[in-house]
Amino acid sequence: MKNSADISRAWIEDLIRDFIATSPDNTMKNKTEEPAWDDVLVGFASGADSIWQQYKEYIGAFHWTPWEVFNQHCPQESASAEELTVISWVLPQRELVRKANRRAKKYPAEEWARIRIYGEEFNAALRRHVTKHLKHFGHAAIAPMLVSNWTIVKSGRFSYASSWSERHAAYAAGLGTFGLCDGLITAKGKAMRVGSVVAKISIEPTPRPYSDHRAYCLFFDNGTCGKCIDRCPVRAITEAGHDKEMCRQHLARSREYVKKTYKFEGYGCGLCQVGVPCEAGIPVKAAREALERGELPPPPPPLA
Ligand code: SF4
Ligand code: SF4
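Residues numbered from 1 in each chain as written. Chains lettered and ligands numbered in written order. Predicted model: local features only at pLDDT ≥ 70, side-chain atom pairs only at ≥ 80, totals over all residues. Heavy atoms only, no water.

**Q** Sorry if this is basic, but what is going on with the layout of surface pockets here?
**A** A probe matching the size of a water molecule, rolled over the atoms, marks out where space remains unfilled. Within this model, the second largest pocket holds a volume of roughly 190 Å³. What lines the second largest pocket is a set of 14 residues, and nearest its centre among them are G174, T206, P207, P209 and L291. Residue classes in the lining of the second largest pocket are distributed as nine nonpolar, four polar and one charged. (1 Å grid on protein atoms, 1.4 Å probe; cavity = no way out; pocket = protein on both sides within 12 Å on 5 of 7 lines; lining within 4 Å. Points joined across faces, edges and corners; volume = space filled by probe spheres on them. Nonpolar A, V, L, I, M, F, W, Y, C, P; charged D, E, K, R; others polar.)

Structural data, given as structure tokens:
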């Protein structure tokens, strides 16, 4: 068994980076077998962070804390919340994928749709890879998105939500804040996919370098931008936020388009994630510069 002390941030980051660099699963499954991903951001959050309880109150009682999901699936370990760490990662979309989707006006570019299916298959393989390696060294771990009882739940406040939100785990792990369109704006932008694993290991949590959950969005910072509103082909984004049901219906319609046009079973959209100032970085200058200095940005002024 590898001691908990030996399972360091660097060890986990290397494990993830090596898998991205060497796994045959990292492919868009196109003619040239382009890799789906070439970079990653990794953050850590404590299972005892009070934010998990806040999510229960904000998202709904059905949203698991790390302790709940871990103990459901690893009952023999009986870990306390303090003994758990959430490992969260962000896989930023590659330039060629973002560039292709920037040209899209209604339905996704082929590259984007491939990432939605095959890139996410890699993300699932990455979750299994991380849990398998931690278990190999004697540390129980589970990927909440891959457990059999992960489910989507109807929600009065959000139209629908789920038992575990990867974006909220990433927010907790210091990786980004939410934008007007609901996407998570990270240091590598909003065009990305996220993954996480809950493990019985002790890793120092990543400080959350923001004091507000919308600190990286220009609209909430100073009332400007709103570019994601214009990018959405079905007007699912307004100044009031993101209409998840309209978005879901458009995603469902995209299935037929992807099959007919690109000849594979897939879907996607993500038009609001590209061709916008938050596509590949943090657009709020003060917040970006504060992150570079390792400081908290000033809280945004209240909107008029
Ligand atoms: S496009 Fe502009 S308004 Fe929309 S999430 Fe990004 S920064 Fe915020
Ligand atoms: S909100 Fe949904 S439908 Fe609109 S651009 Fe974004 S992903 Fe597409």
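**Q** For this particular structure, what's the right way to read the site of ligand 2?
**A** Within the structure, ligand 2 sits among C232, P233, V234, I237, H242, C247, H250, C269, G270, L271 and C272. Across the shell around ligand 2, the residue classes break down as eight nonpolar, three polar and no charged. (Near = heavy atom within 4 Å.)

**Q** Help me understand helix α9 (residues 244–262) in this model?
**A** Structurally, the α-helix is built with 3.6 residues per turn, so residues lying three or four positions apart point the same way. Taking 1.5 Å per residue as the helical rise, α9 with its 19 residues ought to reach 27 Å, and the 26 Å between its terminal C-alpha atoms agrees with that figure. Those residues of α9 that fall on the buried side of the exposure criterion are K244, H250, S254, V258 and Y262. Those residues of α9 that are buried lie in contact with α5 (110–136), β5 (159–162) and β10 (241–242). Downstream of α9 by a residue or two, K263 has a phi angle that is positive, lying close to 65°. (Helix = DSSP H or I, 4+ residues; strand = E, 2+ residues; numbered from the N terminus. Expected span 1.5 Å × (residues − 1). Buried < 20%, exposed > 50% of the residue type's maximum accessible area, 1.4 Å probe, protein only. Contact = heavy atoms within 4.5 Å.)

**Q** Please clarify how the packing of aromatic side chains should be interpreted in this entry.
**A** What characterises a pair of aromatic rings is the spacing of the ring centres plus the angle enclosed by the ring planes. One pass over the full model with this rule turns up eleven aromatic pairs. Ring centres of W52 and Y55 lie 5.8 Å apart, and the angle between their planes is 85°; on these two criteria the pair is classed as edge-to-face. Of this pair, W52 and Y55 both sit in helix α2 (residues 51–58), three residues apart, roughly one helical turn. Both residues of the pair, W52 and Y55, count as buried. (Phe/Tyr/Trp six-rings, centres within 6.5 Å; stacked < 30°, edge-to-face > 60°.)

**Q** Before we go on, may I ask you to explain the pairing of strand β2 (residues 85–92) in this structure?
**A** Regular strands place side chains that alternate from one sheet face to the opposite one. Most of β2 is tucked away, with eight of its eight residues classed as buried. Side chains of β2 alternate between two faces, with T85, I87, W89 and L91 and V86, S88, V90 and P92 buried alike. Two strands pair when backbone bridges link them, and strand β1 (residues 41–46) and β2 are joined in this way by six bridges, in the antiparallel orientation. When the sheet's bridge partners are listed, A45 is paired in β2 with V86. Sheet topology places β2 next to strand β8 (residues 192–199); eight bridges connect them, and they run antiparallel. Residue W89 lies in a different strand from β8, and its bridge partner there is G195. (Pairing = 2+ DSSP bridges.)

**Q** What is the right way to look at the side chain of T206 in this model?
**A** Along the chain, the position of T206 falls in the loop between β8 and α7 (218–222). A polar contact is formed between the side chain of T206 and the side chain of R9, at a distance of 3.4 Å. With sequence-adjacent residues up to four places away left out, T206 is seen in contact with R9, G43, F44 and A173. (Polar contact = N/O pair within 3.5 Å; in protein donor to acceptor, adjacent residues only side chain to side chain.)

**Q** It is not clear to me how the sheet that holds strand β3 (residues 141–142) should be interpreted in this structure. Could you clarify?
**A** In a beta sheet, neighbouring strands pair by backbone hydrogen bonds and run either parallel or antiparallel. Spatially, β1-β2-β8-β3 is the arrangement adopted by the four strands of the open sheet, whose pairing is antiparallel. A single partner strand is all that each edge strand has here, and the edge strands are β1 and β3. Pairing of β3 with β8 involves two bridges; the strand directions are antiparallel. Residue pairing for β8: I142 is matched across the bridge by V198. Against the sheet, helix α1 (residues 9–22) engages β1 and β2, with an angle of about 140° to β1. (Axes fitted to C-alpha atoms, helices over the stretch in contact; angles between N-to-C directions.)

Nothing here speaks to function; it is all geometry.
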